[in-house]
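Coordinate analysis (summary)
The primary structure of each chain is shown beneath.
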Amino acid sequence: MMMVLWFLMEERRRKTSHNSSQITLIGSHDVRASLFYIFFGFMTFFGTGNIASISSFEISSVFRFTTTFDPHLMTAILLWKVIVPFFSVAIVFRILNQKMRVFESGSFLLVVALSDLMSLNFFFLVKNFGSWQEIGMSISHFVVANAYILIQLLLFGLTRFMTRNTSFLQKSETKVN
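So, here is what we can say about the structure in this document. All values reported here derive from a predicted model rather than from experimental measurement.

As a packed pair, helix 3 (residues 71-99) and helix 5 (residues 132-162) sit with axes 9 Å apart at the nearest point and diverge in direction by 65°. Here helix 3 runs over helix 5; the crossing is right-handed. Contacts between helix 3 and helix 5 pair F86, F87, A90, I91, F93 and R94 from the former with Y148, I151, L155, F156, L158, T159, R160 and M162 from the latter.

Scanning the entire structure with this criterion turns up twelve aromatic pairs. Relative to F93, the ring of W6 lies with its centre 6.1 Å away and its plane at 5°, an arrangement referred to as stacked. With a gap of 87 residues between them, W6 in helix 1 (residues 2-17) and F93 in helix 3 connect regions that are remote in the sequence. Neither W6 nor F93 differs from the other in exposure class; each is buried. When the centroid spacing of 5.5 Å and the interplanar angle of 55° are considered together, the rings of F39 and F40 count as tilted. Exposure remark for F39: the relative accessible area of 45% places this residue in the partly exposed category. F40 gets classed as buried once you look at its relative accessible area, which sits at 9%. Connected via pairs of aromatic rings, a cluster forms that spans W6, F36, Y37, F39, F40, F93, F108 and F156. The residue whose ring lies beneath R164 is F161, and the NZ or CZ to ring-centre distance is 4.1 Å.

Here we take up helix 3. Taking 1.5 Å per residue, 29 residues should reach 42 Å; helix 3 reaches 42 Å between its end C-alpha atoms and fits that length. Looking one or two residues past helix 3, R101 carries a phi angle of roughly 60°, positive in sign.

At 3.6 residues per turn, the α-helix brings residues three or four places apart onto the same side. Over its 21 residues, helix 4 (residues 104-124) extends 31 Å from the first C-alpha to the last, a length consistent with the 30 Å expected when each residue adds 1.5 Å. The set of residues buried in helix 4 consists of E104, G106, S107, F108, L110, V111, V112, L114, S115 and S119.

Attention shifts here to the side chain of S107. Along the chain, the position of S107 falls in helix 4. A residue is classified by how much of its surface remains accessible, and S107, at 2% relative accessible area, is buried. At 2.9 Å, the side chain of S107 and the side chain of N97 are in polar contact.

Moving on to the nonpolar core. Ranked by size, the top nonpolar core spans 28 residues in total, and within it W6, Y37 and F93 carry the most contacts. For this core, the elements supplying multiple residues, two or more each, are helix 1, helix 2 (29-47), helix 3, helix 4 and helix 5. Looking at this core element by element, the count peaks at eight residues for helix 3. Non-local contacts of W6, meaning those with residues more than four positions away in its chain, are made with A33, F36, Y37, F40, V92, F93 and L96.

At their nearest, the axes of helix 3 and helix 4 sit 10 Å apart, and the two run at 135° to each other. Between helix 3 and helix 4, the angle falls in the class oblique. Where helix 3 crosses over helix 4, the handedness of that crossing is right-handed. Contact residues: F93, R94, N97 and Q98 in helix 3; E104, S107 and V111 in helix 4. Its residues placed into classes, the contact of helix 3 with helix 4 shows two nonpolar, three polar and two charged.

Basis of the calculations
Residues numbered from 1 in each chain as written. Predicted model: local features only at pLDDT ≥ 70, side-chain atom pairs only at ≥ 80, totals over all residues. Heavy atoms only, no water. Axes fitted to C-alpha atoms, helices over the stretch in contact; angles between N-to-C directions. Helix = DSSP H or I, 4+ residues; strand = E, 2+ residues; numbered from the N terminus. Left-handed = near helix turned anticlockwise from the far one by under 90°. Contact = heavy atoms within 4.5 Å. Phe/Tyr/Trp six-rings, centres within 6.5 Å; stacked < 30°, edge-to-face > 60°. Buried < 20%, exposed > 50% of the residue type's maximum accessible area, 1.4 Å probe, protein only. Lys NZ or Arg CZ within 6 Å of the ring centre and 35° of its normal. Expected span 1.5 Å × (residues − 1). Polar contact = N/O pair within 3.5 Å; in protein donor to acceptor, adjacent residues only side chain to side chain. Core = buried A, V, L, I, M, F, W, Y, C linked by side-chain atoms within 4.5 Å. Parallel < 35°, antiparallel > 145°, perpendicular 65-115°, else oblique. Nonpolar A, V, L, I, M, F, W, Y, C, P; charged D, E, K, R; others polar.

The following block contains the structure:
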């Protein structure tokens, strides 16, 4: 629901500021969309359980799909539970970029640059003193922020591959000379 509202908000704001017949380059208004994308990405990351701690996943949610104890199937179901929200956010962002005629590589680089700034912030917050829990948590935040950059690379590539023959996107794709 929130992603639909985000999509409609961006569509309304872009209609007033862009000519819809040509691809536009990245501007200051695209920072807002990239920040929303990063926000929703982290919400999907922490909304499905803390991935940094495997013990936070409840195995009881998997028993609704399988009655036998099969660790490989349960792992696949848990991974699916984590991947689907990431993938849905990435698809909404790709459709938003295509519909609003934003240069896609530029929006990806903007997401990576903002993620790098966030990762740099967590780097300076890494602690080497205090309790083991505080040290581990600070390192975990830094690792998650760095892994998020790699996950975005995979998600952008996967969504581009999965939506390449979609009729909605083919109407709006044009080449930039």
